[in-house]
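Remarks on the overall topology
Residues per chain are reported as follows:
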Amino acid sequence: MAYTELSVTRRRWIADLAETAFADVGSVIPVQPTPLIEDQGITFSTGDYGNAFDGVLEHRRGQFHIYCNVRETDYPGSTRARFTVGHELGHYFIDEHRNALASGRVPAHRSFIDKAGNSVIETEANTFSSHLLMPQHDFRKAATKEKPGLQGLLNLSSTFNVSAQATAIRYVEECPVPCAAMMFRPGKRPWPAISPMLRKLGYDYGNAPEVTALPEGFASRTAHEAVSGGGLSPVFEAPSTASFWFAHVTASSPRNCVIVEQAVRLGPFGVLTLLLFPRL
Ligand SMILES: [Zn+2]
């Protein structure tokens with residue numbers, strides 16, 4: 001779910017669009033996207049559509065329709081389904097996306113929210129969903145009430161009813177403490193999300209092997225090996241070094257420093273790691 005970089009202006013414009021929509025449905029946390037769909041006169045279906053897509057925004061004869069896939073362990077109202085609906089609403093609210101569909105120039109758009117990759121339109125729709133479900137003012141206010149760290153991130157995930165992965169992407173953007181997240185997913189490359197302050201300081205390229213290849217004693221590996229019963233494991237913590245996690249920071253670099261590694265297993269979805277730089 002990591003994001004392609006959007007320009008600051010474009011990102012801010014999409015955030016404002018989402019947060020205006022949030023205000024239109026009463027500014028209540030956690031956000032309920034369904035009234036927003038109804039207000040816009042959009043029709044809606046939810047069901048198990050296999051692996052065909054996470055969501056679709058379709059336009060036929062002047063009518064927009066959203067399909068939301070709730071396959072396997074998902075269900076209507078789950079954090080994943082909520083993010084998918086927010087994503088499809090992004091395609092509807094962002095003028096260029098909606099107008100392209102309405103004009104018939106592009107076919108109904110199938111979304112895969114975890115596979116935005118280099119797709120600008122998917123990244124824009126994910127950004128809309130993130131800001132609809134976690135409006136900046138409310139998110140920052142809630143974040144300041146939590147102790148910086150992974151447990152605080154998980155508490156925010158519950159407060160906003162958003163997945164831990166989606167919360168992590170916003171958390172590193174908004175957290176007052178410099179930090180980075182690393183998500184280890186089974187059979188896939190780990191993805192990093194790095195706070196703007198860290199990127200400016202040269203910690204701009206997060207890098208890690210598979211979780212099973214991490215040395216013994218790393219919090220992420222301990223979390224991976226923890227019995228979580230399909231849910232969240234406890235949060236594990238260990239001291240670490242910046243040079244292990246950032247490709248452009250060598251052991252002898254002045255940027256190398258002791259950091260804190262915190263990790264939790266998210267049941268079958270993998271391990272979420274938060275790297276905190278308490279001394280920067
Ligand atoms: Zn999409």
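The name an unreviewed UniProt entry gives the protein is ImmA/IrrE family metallo-endopeptidase, with Horticoccus luteus as the organism.

Points about the pairing of strand 5 (residues 179–184)
The two faces of a sheet get side chains in turn, since along a regular strand they alternate between them. Counted residue by residue, strand 5 has six buried out of six residues, so it is predominantly covered. Going residue by residue along strand 5, you find Cys179, Ala181 and Met183 tucked away on one face and Ala180, Met182 and Phe184 tucked away on the opposite face as well. In this sheet, strand 9 (residues 271–276) lies alongside strand 5 in antiparallel orientation, the contact comprising six bridges. Across the sheet, residue Met182 finds its bridge partner in strand 9, namely Thr273. Counting the residues between successive antiparallel strands, the hairpin from strand 5 to strand 6 (residues 191–194) contains six residues, one of them, Gly187, with a positive phi of roughly 75°.

A closer look at the sheet that holds strand 4 (residues 109–111)
Spatially, four strands are ordered 1-3-2-4 in an open sheet, and the strand pairing comes out mixed. If you trace the sheet from one side to the other, it starts and ends with strand 1 (43–47) and strand 4, each paired once. Recorded for the sheet is a direction-independent mean angle of 15° between the axes of neighbouring strands. In this sheet, strand 3 (residues 63–69) lies alongside strand 2 (residues 55–60) in antiparallel orientation, the contact comprising six bridges. In the strand pairing of strand 3, His59 is matched with Phe64.

Regarding the packing of helix 1 (residues 8–24) against helix 5 (residues 120–133)
At their nearest, the axes of helix 1 and helix 5 sit 8 Å apart, and the two run at 45° to each other. Relative to helix 5, helix 1 is oriented oblique. Both helix 1 and helix 5 take part in a crossing whose hand is right-handed. Within the contact between the two elements, helix 1 uses Arg10, Arg11, Ile14, Ala15, Leu17, Ala18, Glu19, Ala21 and Phe22 and helix 5 uses Glu124, Thr127, Phe128, His131 and Leu132. Of the residues contributing to the contact of helix 1 with helix 5, the split by class is eight nonpolar, two polar and four charged.

Section: the sheet that holds strand 6
Taking strand neighbours across the sheet as the criterion, the five strands line up as 6-5-9-8-7 in an open arrangement whose pairing is antiparallel. Two strands bound the open sheet, and with one partner strand each, they are strand 6 and strand 7 (236–241). Each neighbouring strand pair of the sheet contributes to a mean axis angle of 20°, computed without reference to strand direction.

Reading guide: rules and limits
- Residues numbered from 1 in each chain as written.
- Predicted model: local features only at pLDDT ≥ 70, side-chain atom pairs only at ≥ 80, totals over all residues.
- Heavy atoms only, no water.
- Buried < 20%, exposed > 50% of the residue type's maximum accessible area, 1.4 Å probe, protein only.
- Helix = DSSP H or I, 4+ residues; strand = E, 2+ residues; numbered from the N terminus.
- Pairing = 2+ DSSP bridges.
- Axes fitted to C-alpha atoms, helices over the stretch in contact; angles between N-to-C directions.
- Parallel < 35°, antiparallel > 145°, perpendicular 65-115°, else oblique.
- Left-handed = near helix turned anticlockwise from the far one by under 90°.
- Contact = heavy atoms within 4.5 Å.
- Nonpolar A, V, L, I, M, F, W, Y, C, P; charged D, E, K, R; others polar.

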